[in-house]
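Survey of secondary and tertiary structure
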Amino acid sequence: MSSLCFHCGESIPKGIDLSVKIDNVIQPMCCIGCEAVAKVIVENNLTEYYRYRTEPAKKGEQLVPQQLQRNQLLDDESLQDEFTFKTNEYKEAILTIDGISCAACAWLIEMQLSKTTGIISITVNATTQRATVKWKDEQLKLSEILKRIDSIGYKALPFKASQIEELNKAQSKSFIKRLGVSGILMMQVLMIAVGLYFGAFSDMSEYNLVYLRWASLILTLPIVTYGAFPFYKGAINTLKIKRLSMDVPVSIAITLAFSASAWATVSQQGEVYFESVAMFTFLLLIGKFLEFRARMRASHVSANLLKLMPMTATKLISITDDKGTTQQEKLIAAKHLKKFDLVLIKPGETVPADGIIILGSSQINESMLSGEQTPVNKNIGDNVLAGTINGDGNITVEVKKENQYSFLNQMIRLSESSQAHKPKLAKLSDKIAQYFVATILLTSIATAIYWQIHLPEEAFWITLSVLVATCPCALSLATPTALTCATVTLNNKGILVKSAHVMETLPNVNCFAFDKTGTLTTGEFTISKVELFDRAFSEKQVLAIAAGLESHSEHPIAKAFIKHRDFSLNVSQIEVTPSSGVSGNYQNETYQIGKPSWLLPTLRLADSEANVNNAQCVLVTGEQLIAAFYLEDSVRDNAASLIKNLHEQSISTLMLSGDNKAGCDKTQSVLHLSQAHSNLSAKNKVELLKAKQVDHIVAMVGDGVNDTPVFSAAHIAIAMGSGTDIAKNGADIILLNSDLTNITALKLIAQKTKKIIWQNYLWALGYNALVLPLAMAGYITPYLAVIGMSASSILVVTNSLRLLNIKKDTKG
């Protein structure tokens with residue numbers, strides 16, 4: 001055995017007996033490090049590295065082939081923090097996939113990876129060329145997922161907006177090069193063909209005519225190899241795993257046409273159709289390129305969200321010395337900010353992380369997230385979101401969420417997930433498309449046999465037309481393009497769709513149920529009256545105790561008590577009862593604040609205390625009523641116009657509120673909903689909702705606070721604003737700017753999306769139903785077949801792009 005390490009080339013120390021079997025040969029290793037790296041290379045079938053390397057690897061370094069090394073680096077936890085979302089059960093990441101040419105590619109990747117142990121789910125969006133993957137990290141590493149995708153002919157990387165642009169530019173350049181080469185050579189072939197057809201070379205000798213045929217063959221060769229390469233690659237990838245895609249009939253058509261003409265040239269027998277093959281391939285490439293440009297437009301709009309995140313942030317670091325504690329500014333990468341870091345944001349700068357203002361005030365432009373152009377005033381204690389722009393003031397922000405959990409990243413992740421969803425109709429069309437390709441091949445064989453018997457000289461070209469004209473590309477593009485464009489338009493209006501079924505269900509909704517507080521009303525309460533029932537307490541004391549309890553609640557009513565908070569007053573053993581109130585311990589006494597309907601039935605009330613049911617909340621201790629609080633809230637400016645609009649569409653409306661009857665009656669007198677219910681517990685709301693669902697499709701609109709049971713029961717749940725964690729919020733849709741009129745826009749866009757999807761399907765199926773018999777009958781030439789197939793796909797994509805042009809001020 002050699003005394004040199006096969007991996008690094010260094011001498012093997014005495015007493016070391018390590019080896020690895022490489023290409024069926026036992027090779028010596030000098031240390032555990034070299035042995036480990038060599039084993040990784042062998043296990044990943046990358047032993048060609050050893051055959052083609054120009055020098056030995058460095059000792060102790062994992063110098064493995066570049067692709068494997070890059071993928072394994074992505075398993076590093078600190079690196080994954082930048083692009084993965086983590087829970088206790090799984091990890092989730094968005095991947096950019098290079099090489100997707102049609103919806104069949106997306107289907108292929110989904111089918112292959114869903115079989116892999118450790119993968120919970122994978123959805124691939126053919127329009128944006130991105131995949132959302134959920135996996136169990138203890139069973140499967142990200143590098144293994146990327147390797148699995150590589151093994152079926154595609155390249156995957158973590159999604160980054162900058163890389164998307166570079167990748168799209170590279171793909172665009174590649175398309176243009178193939179188009180340029182194919183176009184220039186096609187024109188040369190056509191010049192020769194036109195001359196031959198019209199007798200320009202009739203006085204030439206037979207030898208020169210053969211020479212022109214050979215010239216045409218040589219000119220056509222780069223077109224059918226370099227130009228048509230994407231079609232062959234797609235066909236081979238699917239055939240390797242025993243599947244069929246749209247590239248298969250196209251590749252067969254190009255290969256057969258060129259082979260037949262080449263044989264006629266070599267044998268000097270029969271006709272040649274190099275000009276047909278050249279034009280056929282060129283037109284196919286034009287169709288693919290236009291389709292790529294349309295898809296790139298849709299994916300760019302959604303990728304722009306990631307560009308909102310700034311590259312750097314000004315972190316404030318506390319320095320303590322003899323003179324005391326001072327804060328110094330340090331410029332760091334925004335993605336490295338951690339929870340509780342302090343960040344200085346100067347006028348005009350982009351907020352680098354979700355946080356809360358602890359110093360200063362300013363106006364924040366949130367239009368890039370909510371669609372609302374008017375800057376929002378922000379003061380100490382207010383939340384700010386990553387990606388928004390600071391206006392005219394210096395503010396110091398305490399980071400509350402790290403980059404991967406930021407509102408912006410959640411929005412991107414949830415948006416990708418909803419775009420990749422396939423409705424039942426799309427899943428059915430994917431199955432049809434798979435069988436349709438097989439049907440095309442069988443039909444082509446039958447066509448070839450028939451015409452070979454009846455008209456042998458035309459049999460080949462008629463078969464070629466059948467192969468190409470009926471390719472079901474448009475069928476598979478019908479849904480993903482429409483869903484992507486619809487989701488992008490909704491995002492631009494400040495509407496975030498979280499759940500996959502929304503675009504299917506929403507057009508059928510015929511009843512909207514509303515929570516009152518924070519939904520139909522602004523939720524900005526003010527305390528108009530405090531009624532005391534225990535002389536041992538002053539108004540200031542009861543307000544302070546109430547504020548201490550309410551500080552642990554997320555209900556809009558709690559905000560009214562913030563200014564009365566006394567931080568020296570310590571309330572412990574807090575217990576929040578959803579939709580009812582809060583309990584806690586202060587000075588060894590248990591205090592409770594909440595709805596009168598929750599607390600008063602347990603008390604023995606004096607006559608003077610019996611009329612407090614109209615109060616929004618009461619404070620009690622033991623069996624003693626201490627105080628009643630009366631609060632005022634105003635109806636949202638746009639609530640009345642929404643209710644009127646829904647009624648005009650014959651959609652019923654319902655108020656489900658836990659507030660007292662007086663408050664609900666006041667709101668009902670302004671809005672005139674179909675029905676209004678007050679003093680409801682969460683259980684009561686669910687019961688009423690389910691009763692309504694007997695003959696209605698119901699959407700529930702709430703503020704996302706304490707609404708989980710009702711949201712779960714509704715067909716569609718819509719939450720107001722961005723105050724809660726949108727990933728954990730049980731809503732299907734978030735109205736980021738809390739604009740109720742966006743509900744009308746949402747329903748309109750959902751209806752238009754459904755209409756466009758059906759238009760796409762009708763066109764795709766109608767085109768194939770019309771063109772197949774015509775092609776089989778010989779009425780469609782190969783040229784027309786290519787133009788028809790390409791035009792069909794482009795029409796479907798262009799029809800879907802109309803959803804991007806819905807006016808920004810659409811409200812109904």
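Note that the structure is a prediction, hence the values are computed from the model and not measured.

As for the sheet that holds strand β17 (residues 495-497)
To summarise the sheet geometry, strands pair through backbone hydrogen bonds and adopt either a parallel or an antiparallel arrangement. The strand order across the open sheet built from seven strands is β17-β29-β28-β27-β18-β25-β26, with neighbouring strands paired in mixed fashion. Every other strand in the sheet has two partners, leaving β17 and β26 (675-677) as the edge strands with one partner each. Taken pair by pair, the neighbouring strands of this sheet meet at an average axis angle of 20°, ignoring direction. Against the sheet, helix α21 (residues 639-648) engages β18 (511-514) and β25 (652-656), with an angle of about 155° to β18.

Quick word on unusual backbone geometry
Its identity is not glycine, yet D23 carries a phi of approximately 50°, on the positive side. In this structure, D23 sits in the loop between β1 (18-22) and β2 (25-29). For D23, a relative accessible area of 40% corresponds to the partly exposed category.

Some thoughts on the pattern of salt bridges
By the definition in use, this model includes seven salt bridges. K91 is paired through a salt bridge with D137; the nearest N and O atoms lie 3.2 Å apart. In this pair, K91 sits in strand β4 (residues 91-98) while D137 sits in the loop between β6 (130-135) and α6 (142-151), placing the two residues 46 residues apart along the sequence. In terms of burial, K91 and D137 fall into one category: buried. With a closest N to O distance of 3.5 Å, D137 and K141 form a salt bridge. One salt-bridge network, held together by shared partners, links K91, D137 and K141.

Concerning the nonpolar core
Among soluble globular proteins, nonpolar side chains are generally buried collectively. Ranked by size, the top nonpolar core spans 50 residues in total, and within it F512, F514, I718, I733 and I743 carry the most contacts. The biggest single contributor to this core is helix α16 (residues 473-492), with ten residues. Those residues in contact with I733 that lie beyond four places of it in its chain are I495, L496, V502, I716, A717, I718, A719 and L746. In this structure, F231, Y232, A262 and L285 belong to the second largest nonpolar core, which totals 45 residues.

Considerations on the sheet that holds strand β15 (residues 389-390)
Taken together, the three strands give an open sheet; going across it, the order is β13-β12-β15, and neighbouring strands pair in antiparallel fashion. Edge positions in the open sheet fall to β13 (376-378) and β15, since each of these has one partner strand only. Both strand β12 (residues 362-365) and β13 contribute to a ladder of three bridges, which runs antiparallel. Residue pairing for β13: I364 is matched across the bridge by V376.

Digging into the pairing of strand β27 (residues 698-702)
Taken across its five residues, β27 has five buried, putting it largely inside the fold. Judged by which residues are buried, β27 turns out to be covered on both faces: V698, M700 and G702 on one side and A699 and V701 on the other are all buried. Where β18 meets β27, four bridges bridge the pair, whose relative direction is parallel. Note that in β27 the partner of A513 across the bridge is M700.

Remarks on the pairing of strand β11 (residues 355-359)
Put simply, side chains in a regular strand alternate between the two faces of the sheet. Pairing of β11 with strand β14 (residues 383-384) involves two bridges; the strand directions are antiparallel. Bridging from a neighbouring strand, G355 pairs with V384 of β14. Sheet topology note: the β11/strand β16 (residues 395-399) ladder contains four bridges and is antiparallel. Bridge pairing in β16 links L359 to T396.

Points about the packing of aromatic side chains
Summed over all chains, the structure comprises seven aromatic pairs. Cation over ring: R178 sits above Y226, and NZ or CZ is 4.7 Å from the ring centre. The cationic tip of K529 hangs over the ring face of Y630; the distance from NZ or CZ to the ring centre is 5.0 Å.

Remarks on the side chain of S465
Tracing the backbone shows S465 in helix α15 (residues 456-469). By relative accessible area, which is 0% here, S465 ends up buried. What S465 contacts, discounting residues up to four positions off in sequence, is A775, I780, T781, P782 and A785.

Observations regarding the environment of A662
Of note, A662 is situated in helix α22 (residues 661-671). On the accessibility criterion, A662 (38% relative accessible area) is partly exposed. Sequence-wise, A662 and N613 are 49 residues apart; in three dimensions their C-alpha atoms are separated by 9.1 Å.

Quick word on the packing of helix α8 (residues 206-227) against helix α9 (residues 229-240)
Packed helices, taken two at a time, are described by their axes: the angle between them and the distance between them. Axis separation between α8 and α9 bottoms out at 5 Å; the angle between their running directions is 45°. Comparing their axes, α9 and α8 come out oblique. Side by side, α8 and α9 meet where V224, T225, Y226 and G227 of the first sit next to F229, P230 and Y232 of the second. When its residues are assigned to classes, the contact of α8 with α9 shows five nonpolar, two polar and no charged.

Points about the environment of R130
Looking at the element boundaries, R130 is found in strand β6. On the basis of relative accessibility, which here comes to 1%, the residue R130 falls in the buried class. Residues R130 and A106, spaced 24 residues apart in sequence, show a C-alpha to C-alpha distance of 9.1 Å.

Quick word on a positive patch on the surface
There is a patch of like positive charges on the surface, built from K115, K147, R148 and R243. By secondary structure assignment, the location of K147 is in helix α6.

Remarks on the packing of α8 against helix α10 (residues 247-267)
Two elements in contact, α8 and α10, have axes separated by 10 Å at closest approach and are oriented at 155°. Judged by the inter-axis angle, α8 sits roughly antiparallel to α10. Crossing geometry of α8 relative to α10 is assigned as left-handed. Contact residues: R213, W214, L217, T220, L221 and V224 in α8; I254, F258, A262, A264, T265 and V266 in α10.

Topic: a nonpolar patch on the surface
A contiguous nonpolar surface patch, about 440 Å² in accessible area, is contributed by L442, I445, I449 and I453. Position of I445 relative to the elements: it lies in helix α14 (residues 424-454).

Points about the side chain of K685
Here K685 lies in helix α23 (residues 682-692). Once you skip the residues sitting within four places of it in the chain, K685 turns out to touch D515, L656, S657, G658, L680 and V710.

A few points about α9
With twelve residues, α9 ought to run about 16 Å at 1.5 Å a step, and its terminal C-alpha atoms sit 16 Å apart, in line with that. Those residues of α9 that sit buried are F231, Y232, G234, A235, N237 and T238. Looking at the residues trailing α9, positive phi occurs at K242, about 65°.

Structural notes on the confidence of the model for the protein
Mean pLDDT over the protein works out to 80, with 82% of the residues at or above the 70 mark. This stretch, residues 60-64, has a pLDDT under 50; its non-local contacts, to residues over four places away or in other chains, come to 16 contacts.

The rules behind the values
- Residues numbered from 1 in each chain as written.
- Predicted model: local features only at pLDDT ≥ 70, side-chain atom pairs only at ≥ 80, totals over all residues.
- Heavy atoms only, no water.
- Pairing = 2+ DSSP bridges.
- Helix = DSSP H or I, 4+ residues; strand = E, 2+ residues; numbered from the N terminus.
- Axes fitted to C-alpha atoms, helices over the stretch in contact; angles between N-to-C directions.
- Contact = heavy atoms within 4.5 Å.
- Buried < 20%, exposed > 50% of the residue type's maximum accessible area, 1.4 Å probe, protein only.
- Salt bridge = Lys/Arg side-chain N within 4 Å of Asp/Glu carboxyl O.
- Core = buried A, V, L, I, M, F, W, Y, C linked by side-chain atoms within 4.5 Å.
- Phe/Tyr/Trp six-rings, centres within 6.5 Å; stacked < 30°, edge-to-face > 60°.
- Lys NZ or Arg CZ within 6 Å of the ring centre and 35° of its normal.
- Parallel < 35°, antiparallel > 145°, perpendicular 65-115°, else oblique.
- Nonpolar A, V, L, I, M, F, W, Y, C, P; charged D, E, K, R; others polar.
- Patch = residues over 30% accessible without salt bridge, like charges linked within 9 Å, V, L, I, M, F, W, Y side chains within 5 Å.
- Areas by Shrake-Rupley, 256 points an atom, 1.4 Å probe, with all protein chains shown as cover.
- Lys, Arg positive; Asp, Glu negative; His and termini not counted.
- Charge placed at Lys NZ, Arg CZ, Asp CG, Glu CD.
- Left-handed = near helix turned anticlockwise from the far one by under 90°.
- Expected span 1.5 Å × (residues − 1).
- pLDDT = per-residue confidence, 0-100.

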